[in-house]
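Spelled out from the first residue to the last, the chains are:
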Amino acid sequence: MNTEQLMTLAVNKNGFVFDPENGISYTVNETGLFILQKLQSGVTKEEIIDFLTEEYEVTAKNAESDLDHFMAMLKALNLIEE
Amino acid sequence: MLQLDDLQISIAVSGLKTGDNPQPGIPVIRSLRAAGFKGKIIGFVYDAMESGIYLEDIADEIYQMPYPSTGAESFLTRLGYINSRSKIDVIIPTLDSEIPLYIRLQKELQELGIHTFICTEKQFNLRDKSKLFQYFTSEDITVPKTVLLNSVAEINKAIQDIEFPVFIKGHLYEAYKANNIIEAQKYFLELQAKWGLPVILQELIEGDEFNVVILGDGKGNCLGMVPQRKLVITDKGKGFGGVVVNNPALEKFAQKVIKSLSWRGPCELEIIKDKEGAFHLLEINPRFPAWVRLAEGCGQNQPAATVLLALGNQIEELPPFKPGVLFIRHSEDIISNINLLGEISVNGELIRKQKKQEEIK
């Protein structure tokens, strides 16, 4: 997975995300912010699922499903590439 | 940061209208003041209702100018009169329609001791909307397909090569998106009546639009460059909010444009990035844009640099801009006195700080 574009994002602790290259901004909820920060620190998908199951009351299966959905949105926004 | 604190000169700036279609004069003046300029600001207006006339602490003196369409002679006569009343050292013209006059009058202005830092006639002509496609395509800079229309009937031929929706643009100002031939014909007739021929039909490219304010040194280099993406767009297509972006590929594209023209002076590039990530040049405006204060706000006071360049100073490249700096345009009512309107309407001039200046002398 190519996260080069994701690395350029300025992520505010309140969940406000600014893409300095395109001038587009996004907002993410607490979980989205958690995932974005993990992705920016180079954590793998499997590790993120572990973090999510530790941090939240969620099964690994549900966490993976939600993470896939979130990643699909990042991909649609050209923030990550497979 | 550039400072103009010690500069005891007079700087004339045109385009003082704000409101829904703001001109760049007021932000240019504010940037000069922000650089510590304490000398005299002279405002050039074409209309007594230009709102900047009524702002206190903007222009010390205001003079009404003849419209550029009246010709160089009346323009120069008026400049000579103003210069005899109040010595002008530098003029920063900010309106497209007056730039050709200032270019043509360079020699006469020099004789009057008036300095400018603007593009050459050749540069001005090459960036003309009607020549942009032809010139830049040969320079390997992509421009949306463009056809010049001299009659409404020519739309039929043009759309054989360009699909709807398209832009229909006036020769100097205004652009409309036309979704079909009926709309294209309607906008053609409107723009023809307003701005004359040719009317321009241009391919519409979907994507992200960026605007870049640049100060070129006339040798192919950019002394300053600030790119922004519009965040708030009015129904007239005017950007009333924007954010500074950091996009190296966009900057490289803009530099290529400036190098190709060896652009001298201020300009604004309108660029679109298509869905495949390729950049296309939409327009080059030969003056500062109305959002030029964003350049000052993110570390590049380009109007202040222009004054120094006009005076013949060598300046270094302006410092890097700060991405993420935002501007939001705000309009408010100015409360003034009808006497000011009377003064500018009857006398064609308004001397606001004469007493203060006399006291200083």
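In this assembly, 11 residues from chain B lie in contact with six residues from chain A. Both faces combined, the contact of chain B with chain A buries some 620 Å², and carbon together with sulfur accounts for 50% of it. Seen at the junction of chain B and chain A, the total is zero salt bridges. Counting across the interface, chain B meets chain A through four residue pairs in polar contact (both at pLDDT 80 or more). The set of elements that each furnish at least two residues to the side of chain B that touches chain A consists of strand 9 (207-217), strand 10 (222-233) and strand 11 (239-244) of chain B.

Residues and elements named next belong to chain B. Among the structural elements, Arg 352 can be located in the loop between strand 15 (349-351) and helix 13 (354-360). The exposure class assigned to Arg 352 is buried, which follows from its relative accessible area of 19%. Within polar-contact distance, the side chain of Arg 352 engages the backbone oxygen of Ala 59 at 3.2 Å.

What follows deals with a nonpolar patch on the surface. On the surface, a nonpolar cluster with roughly 350 Å² of combined accessible area is contributed by B:Leu231, B:Val232, B:Leu326 and B:Ile328. By the secondary structure assignment, B:Leu326 is in strand 14 (residues 326-328).

Okay, the sheet that holds strand 1 (residues 10-11) of chain A next. All names here are of chain A. Judged by pairing direction, the sheet is antiparallel, and its three strands sit side by side in the order 1-2-3 without closing on themselves. Every other strand in the sheet has two partners, leaving strand 1 and strand 3 (24-27) as the edge strands with one partner each. Judged from the four bridges that link them, strand 2 (residues 16-19) and strand 3 form a sheet pairing that is antiparallel. Within strand 3, the position partnered with Phe 16 by the bridge is Thr 27.

Let's shift gears to a negative patch on the surface. Taken together, the side chains of A:Glu30, A:Glu46, A:Glu47, A:Asp50, A:Glu54 and A:Glu55 define an acidic patch exposed on the protein surface. Sort the elements by how many residues they give to the negative patch and helix 3 (residues 45-55) of chain A lands first, with five residues.

Our next topic: helix 4 (residues 60-76) of chain A. All names here are of chain A. Spanning 17 residues, helix 4 covers 24 Å between terminal C-alpha atoms, matching the ideal 24 Å at 1.5 Å per step. Buried residues of helix 4: Ala 63, Leu 67, Phe 70, Met 71 and Leu 74, and no others. All buried residues of helix 4 project into a common sector of 100° when viewed along the axis, lining one side. Away from its buried face, by an angle of more than 90 degrees, helix 4 presents the exposed residues Lys 61, His 69 and Ala 76.

Residues and elements named next belong to chain B. Spatial strand order, 4-1-2-3-15: five strands in an open sheet with mixed pairing. Only two strands of the sheet have a single partner each, and these edge strands are strand 4 (90-92) and strand 15. Mean inter-strand twist for the sheet, computed between neighbouring axes without regard to direction, equals 20°. Where strand 1 (residues 10-14) and strand 2 (residues 40-45) come together, five bridges link them in parallel fashion. Bridge assignment links Ser 14 to a residue of strand 2, and that residue is Phe 44.

In this chain, B:Phe164 is followed by B:Pro165 through a cis amide linkage whose omega measures 0°. When you line up the elements, B:Pro165 lands in the loop between helix 7 (154-158) and strand 6 (166-169). In this structure, the amide linkage connecting B:Leu197 to the following residue, B:Pro198, adopts the cis form with an omega of -5°. Mapping B:Pro198 onto the fold places it in the loop between helix 8 (181-195) and strand 8 (199-203). Phi at A:Asn78 is positive, roughly 60°, even though this residue is not glycine. Of note, A:Asn78 is situated in the segment after helix 4. A:Asn78 gets classed as exposed once you look at its relative accessible area, which sits at 58%. For B:Glu174, which is not a glycine, the phi torsion comes out positive at approximately 75°. With respect to the helices, strands and loops of the structure, B:Glu174 is situated in the loop between strand 6 and strand 7 (175-178).

With that settled, the discussion passes to the environment of B:Pro303. Residues and elements named next belong to chain B. Topologically, Pro 303 is positioned in helix 11 (residues 302-310). By relative accessible area, which is 0% here, Pro 303 ends up buried. With 97 residues separating them in the primary sequence, Pro 303 and Glu 206 have C-alpha atoms 32 Å apart. Apart from residues no more than four positions distant in its own chain, Pro 303 is found in contact with Val 28, Ser 31, Leu 32, Ile 92, Phe 288 and Val 292.

Before going further, it helps to spend a moment on the domain arrangement of chain B. Residues and elements named next belong to chain B. When cut into domains, chain B gives domain 1 (10-116 + 332-360), domain 2 (145-203) and domain 3 (206-328). Taking only C-alpha atoms into account, the centre of domain 1 sits 24 Å from that of domain 3. With 23 residues of domain 1 at the interface, the matching set in domain 3 holds 19 residues. In total, about 1,700 Å² of surface goes out of reach between domain 1 and domain 3, with carbon and sulfur atoms giving 67% of it. Broken down residue by residue, the surface that domain 1 buries against domain 3 is led by Asp 20, Ser 31 and Asp 96, which jointly contribute 25%. The tally of links from domain 1 across to domain 3 stands at one salt bridge. Between domain 1 and domain 3 we count four residue pairs in polar contact (both at pLDDT 80 or more) in total. Among the elements that make up the side of domain 1 that touches domain 3, the one with the highest residue count is helix 1 (residues 25-34) (six residues). For the side of domain 1 that touches domain 3, the per-class residue count stands at 13 nonpolar, seven polar and three charged.

Calculation rules
Residues numbered from 1 in each chain as written. Chains lettered and ligands numbered in written order. Predicted model: local features only at pLDDT ≥ 70, side-chain atom pairs only at ≥ 80, totals over all residues. Heavy atoms only, no water. Contact = heavy atoms within 4.5 Å. Buried area = accessible area lost by both parts, 1.4 Å probe. Salt bridge = Lys/Arg side-chain N within 4 Å of Asp/Glu carboxyl O. Polar contact = N/O pair within 3.5 Å; in protein donor to acceptor, adjacent residues only side chain to side chain. Helix = DSSP H or I, 4+ residues; strand = E, 2+ residues; numbered from the N terminus. Buried < 20%, exposed > 50% of the residue type's maximum accessible area, 1.4 Å probe, protein only. Patch = residues over 30% accessible without salt bridge, like charges linked within 9 Å, V, L, I, M, F, W, Y side chains within 5 Å. Areas by Shrake-Rupley, 256 points an atom, 1.4 Å probe, with all protein chains shown as cover. Pairing = 2+ DSSP bridges. Lys, Arg positive; Asp, Glu negative; His and termini not counted. Charge placed at Lys NZ, Arg CZ, Asp CG, Glu CD. Expected span 1.5 Å × (residues − 1). Arc of directions from axis to C-beta. Axes fitted to C-alpha atoms, helices over the stretch in contact; angles between N-to-C directions. Domains from an automatic or database assignment. Nonpolar A, V, L, I, M, F, W, Y, C, P; charged D, E, K, R; others polar.

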